[in-house]
Structures are given as structure tokens and as C-alpha cells.
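Survey of secondary and tertiary structure
As a plain string of letters, each chain reads:
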2 protein chains.
Amino acid sequence: MRDVSIIGIGQTPVDEHWGKSLRHLAADAVLAAIQDAAVERADALYVGNMLSGVIAGQEHLGALIADFVGLRGIEAFKVEAACASGAAAVRLGYVAVAGGLADVVIAAGVEKMTDESNEVVTSGLAMAADGDYELPHGVSFVAINAMLMRRYMHVYGVSHDDFANFAVVAHQNAVNNPNARFQSSLPTSRFLDAPMICEPISLMDSSPIADGAAAVVLCATELVKDPARAVRIRASAVATDCLSLHDRRDPLRLDAVEMSAQKAYMQASVAPTDIDFFEYHDAFTIMAALSLEASGFARPGRATELAREGAIALDGRIPVATMGGLKARGHPVGATGVYQIVEAVQQLRGEAGANQVAGASLGMTQNIGGSGATVVTHILEA
Amino acid sequence: MRDVSIIGIGQTPVDEHWGKSLRHLAADAVLAAIQDAAVERADALYVGNMLSGVIAGQEHLGALIADFVGLRGIEAFKVEAACASGAAAVRLGYVAVAGGLADVVIAAGVEKMTDESNEVVTSGLAMAADGDYELPHGVSFVAINAMLMRRYMHVYGVSHDDFANFAVVAHQNAVNNPNARFQSSLPTSRFLDAPMICEPISLMDSSPIADGAAAVVLCATELVKDPARAVRIRASAVATDCLSLHDRRDPLRLDAVEMSAQKAYMQASVAPTDIDFFEYHDAFTIMAALSLEASGFARPGRATELAREGAIALDGRIPVATMGGLKARGHPVGATGVYQIVEAVQQLRGEAGANQVAGASLGMTQNIGGSGATVVTHILEA
């Protein structure tokens, strides 16, 4: 197996891109990544996307985008794993390059969510849950997370207020990210006063829907021409769980997060204490807490304590969501996993500007599909 | 790179499966393949599917089906490349095993199309075409193929009647396939009298929509326990083209078919004359003709002549659609590419019953997405 590096990154601002079609948005990110990587060709393109069928009425994104960016002819597919589609595309690129079947692969994620009504988007996102056993009860994705949060508060005796820090830190980090959806800080008081969407989940527990695209260029490390800017993929690991909450061993234990993280630690021969920052999947604050715990950064029930102690801030023990996370950078679902990796590369190159994590050399990204049914974890090294 | 073999196959009948959900249908095929392979575990599951979002309101099929067949935890994604989604899943499995990142991978294809109205299915299939440049003109997929067929007839001076043999042969081969949608022969007179759907494409030029699932188990050849039943993958090749007809170099030259087939021949170090049978993508008779030509089995404009001479029959020079093809076995879009490979394995194991191609040792399968924008070609060897 060959060592794999990321040699180029590209991203569009996360925003409402009403003036750009899906393919234009994707092309902006892919062409930026190609330019950043200074490559002229690629062997394959994998595109992470969840909702193009129900929102844009367009599938077949692999060939569509390959052609549109000037790579007509190359191998190209769309991959879907709900909100983990983006990192799934990177994972497939990693497999192809590590295994020697390709030298250079582009992995992209793209999602346009703001062209349609909230009803269409909410039903679209619900396709990440179990359509036979969860949706007939009328639950949306917010409701599923609300059940998790309610149980977490009950079992561990924490209050809704205790989750504030996850949102506050994310917004603080987004202030200096020109690609973030919300480039504004969030006073704790605003978190505490936020209207409830689905109790106990408030507006400020929730990541926003958005349009966006991000891309990375993967290359066999032995072929990298500019090693100084390349970021090595030390681990790439996927695990799955059942889609529906009621069928889990313990709803508060995200088994797939744990399995995926443990596999990644083993591949990289590192422990959670070695990780310098963590781009986690804070679709809701409860997901932030559960993934910190299942990934080994906090004991069960103690993630809010970790956050309260300042450990998740940029100068803390385990900085998270360093460019704003899903909460403030925004969550264009099929693109999110690639944004996380793009931002990790910015950190590891020392290009994160005001948000630079001092001395960052090992970063972890984790993209979660559904309420924890598909988890893709990567560990990257400067 | 490691040699890869297919050690297990499974399929459901292609039919209207109103009594089974998407996951049940997929599980039937996957569990049959697992049993056939006599394996107890797999490292990953890739699921080819195009329309589950718009028809079943369900995405996230990777984790869903992995869990449902008892493989909770393993890496699992859905892959989409329009009607080539099935073979794309097999391709990704091949990449993982050949590259050494997995030892055993299950590749499945599943599609349920008959639960919804024809309007929903027709618009769903149209997502394989260019949503910005083709669909605004009101063309459906039948119409796109009708334009190709009309031009073919004009340029090469052949008549609609000349296409009869593609459909007649497919139906003849389906008579003995218990999994085929139409297990009935098609008299040439019925082809000639068939009602037009979109001139010059008649009902009998067209493959039927259907429900179905198929699966294969891939394994590193060095780990195969029962070599007598294993079928080697000698080539796995993908090529893409633009989605829209108007942007092609020549609409009658399927460039991606040609590139994909040429790559496959090179990988396997064989020529078209070495291929004993060809599971081609006869979604419409015009696609059958164009893919025979672009794959090197007939010169441009001469495919109908090849068919008239009997070369595509089971005892001909290049038997096609040996178990009924898309035309008569049926075309559950995301599953079709896996059905083709399952049927090729049946031939190469000598398990094709009355349809056995005598002495078949090298078979080719070709799955086409859209009107030729994604093409996945495999060459298999007994």
C-alpha cells in the first residue's frame, strides 16, 4: 500500500448560491483544487453528494462534473452516504491511490440546498434516516437529534445551557473564515435565548443548510513534486451502524464513531492525545458532544465539561471546528466532509490565518452520516 | 496489484416486487451471494443505485443494507452513475481488493421502479441526462435514444426493421432464464408491428423498467478457497463522456464505450475476437448497435448486419445478452450492471443451462450510464 498525500485544496464560500448551478459550484471548487495542486490531469473524480436528485433533478454528477472541469473521459462516479458523502468521496480516492490503481484522484463534495423550499430540504435530509421504521412516526432529523439530546440530559444530568460552548466556539472560529456562512460571533446569552426548534434543540444548537462545494487532490506521496505543501493522510477509516436510533446498542454510544476512530488511531499508530485539532461533525451540539466522547476525547457524559474548561478552543487541548464547523461555516451536506478536510489541510500547512492552531502537525476529521450510521474518519499530518 | 476473483453471485427475479421493500430486495441478492461464496464476513459493501431517493424516499443505502444483511459495522457506501451504477459498485469493489485495502468486498445493485407512477420514473431516469441543456427541451430518455436512432438510420441507410434481431435474440435468450422479466420469445412480426413510443423507437426497441437486485462477492484470488468456481476479473475499466448528445464529437460514436473497451482489452491483453460472449447494454436497440460498434465487434454502421448474420446468437461469433439482456431480462437501472456480471459468471462457471455458450472462457460485460456518458467494462475469465 502506498502512502497518500493531499496536494491541492479548493472551496467555495458556504452561502446561498442562487446565481450558480450545481455544476458551476462544483467546478469552482474542483478547478481551485487543481490549480492549487498544479496538476494537469487526474485519473479519477469521485463526487460526494446527497440531494442533487430531489433538489436539482440531476444525477450522474460524476461524468457531468468531470466533463465540465475539462476532464472528459476520466473515471468518475457520485458517492452517497447521507451527510458523510463528502468524506466518502475522499475515502474512495484514498483507496484508489493507496492501492496503486490511480496516481492522482480528485475528491469533491457539492450540495445546493437553498434552491428549494424547507419542506423539500427537510424531507430530503430525512432520507438519511430509516424510511420504514423512523420516518413513519413523523420525525425529522432535528427531532431525531432532539431525542438523543433529551436522553443525554436525562442520563448525565446536564442542562441545555451546558451545550452553549460548542456553538459559541464554532461561531468564534468562523469570524475569521471568509468562506463561512456565519462570520459572526455568538454571545452565550444569544445561545441561551434562542428559540426552540424541537425541544431541547434550539436554533443555536443547529447547523444551517447551505450551498457549497469543496475539493481535494490526492496523490501518491512518492510522486509529490512539492512535499513542503503536501499533507499526508495517515489514516482513512469507515464504520457503519444501523440507521435507526431504536435499534442501537445504546443511543448515547455512537458505535460507528468509536469503531471508525479506533481504526484510524490504529492505522496512524497514534492516540487521541496526539491529535492537535479535531474537525468534528457538529450538525447539532448533541452530535458534537457524542462524537467527542465516542472518539476518546472525553469520557461518556463529560463532553460539555470538556467544552466548559476551554479545551475545545483554538488554544485548548483539543481545538474543534477550527474554521467554524458545521454550526457556523455551514453544512451543505454532501460537501461538508470535504470542507472539513480542506480546513484541516489549511491548518497543517499553517495557512489558517488568525485561526491557526499553534504547532498543529496532526489533525483529525470526522464526517457523520445520519444520526451516526456512517462515519468516515481521517487523520492528516503536516 | 492483486488479482481479483468473483466467488459468489446472487440475484432476485427481475419483476414487479410490490411485496418487498428496497432493503428486502437488496438483502435477498446479497445474502444469496454470501451463501454462494461461503464467506462469513466482508470488509466492505458498495451498493449501486440510482433512484431510491426520488422513488422510495430513502438514501444512505450503504449502511442500511449492510446492517440489514447482518454486516453492521463494515464500510458501506452507495455509488451512483445513472444506469451504470451497478457496474460502478463492482468497479469500486475491484479497486479496493486489487489495491489490497480489502480482501472480501460485496458489490450489489438494487432498484425498485414499479412502486411509482410512470411520470415519476420517467423524470427520475431523465436525471441521467443533462438537466440544464437537454431536459429543458422536454426530451425524455426514450426521445434521446430516438434522436440517435433516427440519425443512425439516416447516416448508414438502415431501416427500423433492421434492428429487429437485437430484440428477438434477447427475448429468445430470456425464455430459459427464470429470473427474466419476460420469459417469452418475440416473433419478428411482433417487433415489426410494435407500436411506436417515440419514433423511430417502438415498444420492442425498449427495455422495460422493473424491480430487481443482484450481488457479487469479490475476493483476492490468492485467498480463494474454491478456485474451480471462482471467476477472475481480467479487466475493470471506466470511461466518461459529456452527458448531452449535442456536445459529443460525433453522436454515433460512443467515445466512452470505445475508451472503456480499449482500456479493458489492454488490461486483459486480449482483442475483441478473443471474447466469447458480450453482456451488452441494450437499453434500446440503438444502444445495442452503437456499443457493438464502439467496442470493436462491428464496423461503424454494420452492427445490424452482424445481427442479421446470426453472429449475436448463442451459437454465433459473439453471443450477446445471453440471459435476455436489458430488453428481456429487464432493466432495474441501478442493478443492471450487477445482473450482467452475475450472468457472465453463470456462463463462465458453465451454469447457464439451456443458454450455455459452448466453451465460454472469456466474457465481457458493459454497463452504460445515460446515453453513453459513463461506461464500465469488465472482462471476466473462467
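Details of the structure are given in the entry above.
Let me begin by describing the structure that accompanies this report. (Residues numbered from 1 in each chain as written. Chains lettered and ligands numbered in written order. Predicted model: local features only at pLDDT ≥ 70, side-chain atom pairs only at ≥ 80, totals over all residues. Heavy atoms only, no water.)

Comments concerning the overall build of chain A
Stated formally: Starting at the N terminus, helices and strands are each numbered in turn, a helix being any DSSP run of H or I of at least four residues and a strand any DSSP run of E of at least two. For every residue, the accessible area obtained with a 1.4 Å probe (protein chains only) is divided by the maximum for its type, and the residue is called buried under 20%, exposed over 50%, and partly exposed between those limits. Only heavy atoms enter the contact rule, under which two residues are in contact if any of them lie within 4.5 Å. Computed with the Shrake-Rupley method and a 1.4 Å probe, the accessible areas treat only the protein chains shown as cover for residues. In this tally, Lys and Arg are treated as positive and Asp and Glu as negative; His is ignored, and so are the chain termini. The atoms used to mark charge sites are NZ of Lys, CZ of Arg, CG of Asp and CD of Glu.
In terms of helices and strands, chain A carries 13 helices and 11 strands. A buried classification covers 67% of the 382 residues belonging to chain A. Of the contacts formed within chain A by residues at least 6 apart in sequence, a portion of 78% connects residues at least 24 apart. Total accessible area on chain A stands at roughly 12000 Å², and carbon and sulfur atoms take up 50% of it. Computing the positive centroid from 27 side-chain charges and the negative centroid from 43, chain A places the two 3 Å apart.

Details of the relation of the copies chain A and chain B
Operational definition: Fitting of the copies onto one another was done by least squares over C-alpha atoms, counting residues only where both copies have pLDDT of at least 70.
Of the two same-sequence chains, chain A is brought onto chain B (RMSD 0.0 Å, axial shift 0.0 Å) by a rotation of 180 degrees. Look at the turn and shift together and you get a two-fold axis relating the two. Considering only C-alpha atoms, the part of chain A nearest the rotation axis is Gly99(A), at 1.7 Å. Comparing interface residues between copies, 100% of those in chain A also lie at the interface in chain B; the contact surface is shared.

Brief notes about the interface of chain A and chain B
Going by this rule: Accessible area, probed at 1.4 Å, shrinks when two parts are joined; the buried area is that loss added up over both. Any Lys or Arg side-chain nitrogen found within 4 Å of a carboxyl oxygen on Asp or Glu counts as a salt bridge. N or O atoms within 3.5 Å of each other form a polar contact, as long as, within protein, one can give a hydrogen and the other can take it, and as long as residues adjacent in sequence are counted only when both atoms are side-chain atoms. Three classes are used, and their members are as follows: Ala, Val, Leu, Ile, Met, Phe, Trp, Tyr, Cys and Pro are nonpolar, Asp, Glu, Lys and Arg are charged, and the others, Gly among them, are polar. Strand pairing is assigned whenever DSSP identifies at least 2 bridges connecting the two strands.
At the interface, 58 residues of chain A touch 58 residues of chain B. When the two sides are added together, the surface that chain A and chain B hide from each other amounts to roughly 4400 Å², 57% of it contributed by carbon and sulfur. It is His60(A), Phe77(A) and Leu101(A) that lose the most area in chain A upon contact with chain B, and together they represent 16% of the buried surface on that side. The closest approach of N and O atoms between Arg23(B) and Asp132(A), which form a salt bridge, is 3.3 Å. Inspection of the chain A/chain B interface yields 28 residue pairs in polar contact (both at pLDDT 80 or more). The element that contributes the greatest number of residues to the side of chain A that touches chain B is helix α4 (residues 85–98) of chain A, accounting for seven residues. Grouping the amino acids of the side of chain A that touches chain B by side-chain chemistry returns 32 nonpolar, 13 polar and 13 charged. For strand β3 (residues 75–80) of chain A and strand β3 (residues 75–80) of chain B, the ladder comprises three bridges, and the chain directions are antiparallel. Paired with Glu80(A) across the bridge in β3(B) is Lys78(B).

Here's the deal with the packing of aromatic side chains
Two aromatic rings, taken as a pair, are described by how far apart their centres are and by the angle between their planes. Note the following rule: Put simply, two rings from Phe, Tyr or Trp (the six-membered ring, in Trp's case) pair if the centres are within 6.5 Å, and we call them stacked under 30 degrees between planes, edge-to-face over 60, tilted for the rest. Cation placement over rings: the criterion is NZ of Lys or CZ of Arg within 6 Å of the ring centroid and within 35° of the ring normal.
What the rule picks out here adds up to 12 aromatic pairs over all chains. Residues Phe278(A) and Phe297(A) carry aromatic rings whose centres are separated by 5.0 Å and whose planes lie at 35 degrees to one another, so their mutual orientation is tilted. Taken together, the positions of Phe278(A) in strand β9 (residues 277–279) and Phe297(A) in the loop between α10 (285–294) and α11 (303–308) put the pair 19 residues apart, joining distant regions of the chain. For Phe297(A), a relative accessible area of 9% translates into the label buried. Taken together, the ring pairs connect Tyr152(A), Tyr156(A), Phe163(A) and Phe166(A) into an aromatic cluster. Here the basic side chain of Arg23(B) rests over the ring of Phe68(B), its NZ or CZ set 5.9 Å away from the ring centre.

Considerations on the pairing of strand β11 (residues 374–381) of chain A
All names here are of chain A. Burial within β11 is extensive, with eight of its eight residues counted as buried. When strand β8 (residues 231–240) meets β11, the two strands line up antiparallel, connected through eight bridges. Bridge pairing in β11 links alanine 239 to valine 375. Pairing of strand β10 (residues 362–369) with β11, which is carried by eight bridges, proceeds in the antiparallel orientation. Looking at the pairing, glutamine 366 lines up with threonine 377 of β11. Count of turn residues in the β10/β11 antiparallel hairpin: four residues, of which glycine 370 carries a positive phi of about 65 degrees.

With respect to the environment of Tyr339(B)
Residue and element names in this part refer to chain B. Inspection of the secondary structure assignment puts tyrosine 339 in helix α13 (residues 333–349). For tyrosine 339, a relative accessible area of 0% translates into the label buried. For the pair formed by tyrosine 339 and valine 4, sequence separation is 335 residues and the distance between their alpha carbons is 19 Å. Not counting chain neighbours up to four residues away, the residues in contact with tyrosine 339 comprise Gln11, Thr12, Pro13, Val14, Gly212, Ala213, Ala214, Arg329 and Pro332.

Some points on the packing of helix α1 (residues 22–37) of chain A against helix α3 (residues 61–68) of chain A
Residue and element names in this part refer to chain A. The cut-off we apply is this: Note on geometry: axes are C-alpha line fits, over the in-contact stretch for helices, and angles between N-to-C directions span 0 to 180 degrees. Here is the rule for angles: anything less than 35 degrees is roughly parallel, anything more than 145 is roughly antiparallel, 65 through 115 is roughly perpendicular, and the remaining ranges are oblique. In this scheme the crossing of two helices becomes right-handed for a clockwise turn of the near helix relative to the far one and left-handed for an anticlockwise turn of less than a right angle.
In contact at an axis separation of 9 Å, α1 and α3 are set at 60 degrees when each is read in the N-to-C sense. For the element pair α1 / α3, the angle class is oblique. Every pair of crossing elements has a handedness; the one defined by α1 and α3 is right-handed. On α3, the residues touching Leu22, Arg23, His24, Ala26, Ala27 and Val30 of α1 are Leu61, Leu64, Ile65 and Phe68.

Regarding the layout of surface pockets
Quick reminder of the rule: Points on a 1 Å grid over protein atoms alone make up a cavity when a 1.4 Å probe fits among them but cannot get out, and a pocket when they form an open set with protein on both sides within 12 Å along at least five of seven lines; lining residues each have an atom within 4 Å of a point. Grid points are joined across faces, edges and corners, and a volume is the space filled by probe spheres set on the points.
Volume-wise, the largest pocket comes out at about 720 Å³. In terms of lining residues, the largest pocket is bounded by 31 residues, among which Val142(B), Ser206(B), Ser207(B), Pro208(B) and Ile209(B) are the most central. Contributions of two or more residues to the lining of the largest pocket are made by α5 (118–126) and α6 (141–156) of chain B. Broken down by element, the lining of the largest pocket gets its largest block of residues, four residues, from α5(B). Reported here for the second largest pocket is a volume of approximately 560 Å³. Contributing to the lining of the second largest pocket are 28 residues, with Leu125(A), Val142(A), Ser207(A), Ile209(A) and Phe284(A) lying nearest its centre. Per-element tally for the lining of the second largest pocket: the top contributor is helix α5 (residues 118–126) of chain A, with four residues.

Observations regarding the nonpolar core
Defined as follows: Put simply, buried Ala, Val, Leu, Ile, Met, Phe, Trp, Tyr and Cys residues joined by side-chain atoms within 4.5 Å make one nonpolar core.
In terms of nonpolar packing, the biggest core is built from 90 residues, with Val216(A) and Val216(B) touching the most fellow members. If near-sequence neighbours (up to four positions away) are discounted, Val216(B) is found in contact with Ile6(B), Gly8(B), Ile9(B), Ala33(B), Val90(B), Val105(B), Ile106(B), Ala107(B), Val338(B), Ile341(B) and Val342(B).

A short note on the environment of Pro195(B)
All names here are of chain B. Examined against the element boundaries, proline 195 turns out to sit in the loop between α8 (188–193) and β5 (196–198). Owing to a relative accessible area of 51%, proline 195 belongs among the exposed residues under this scheme. A C-alpha to C-alpha distance of 20 Å links proline 195 and alanine 210, two positions 15 residues apart in sequence.

Looking at the pattern of salt bridges
Tallying each qualifying case throughout the model produces 56 salt bridges over all chains. Of the charged contacts in the structure, one is a salt bridge between Asp36(B) and Arg349(B), with a shortest N-O distance of 2.7 Å. Placement of the pair is Asp36(B) in helix α1 (residues 22–37) and Arg349(B) in helix α13, with a sequence separation of 313 residues. Overall, the relative accessible area of 15% leaves Arg349(B) in the buried class. When the shortest N-O distance is used, the salt bridge between Arg302(B) and Glu305(B) registers 2.8 Å. A residue is classified by how much of its surface remains accessible, and Arg302(B), at 32% relative accessible area, is partly exposed. Classification of Glu305(B) by relative accessible area gives partly exposed; the value is 26%. What you see here is one network of salt bridges that share partners, running through Asp67(A), Arg72(A), Asp241(B), Asp247(B) and Arg248(B).

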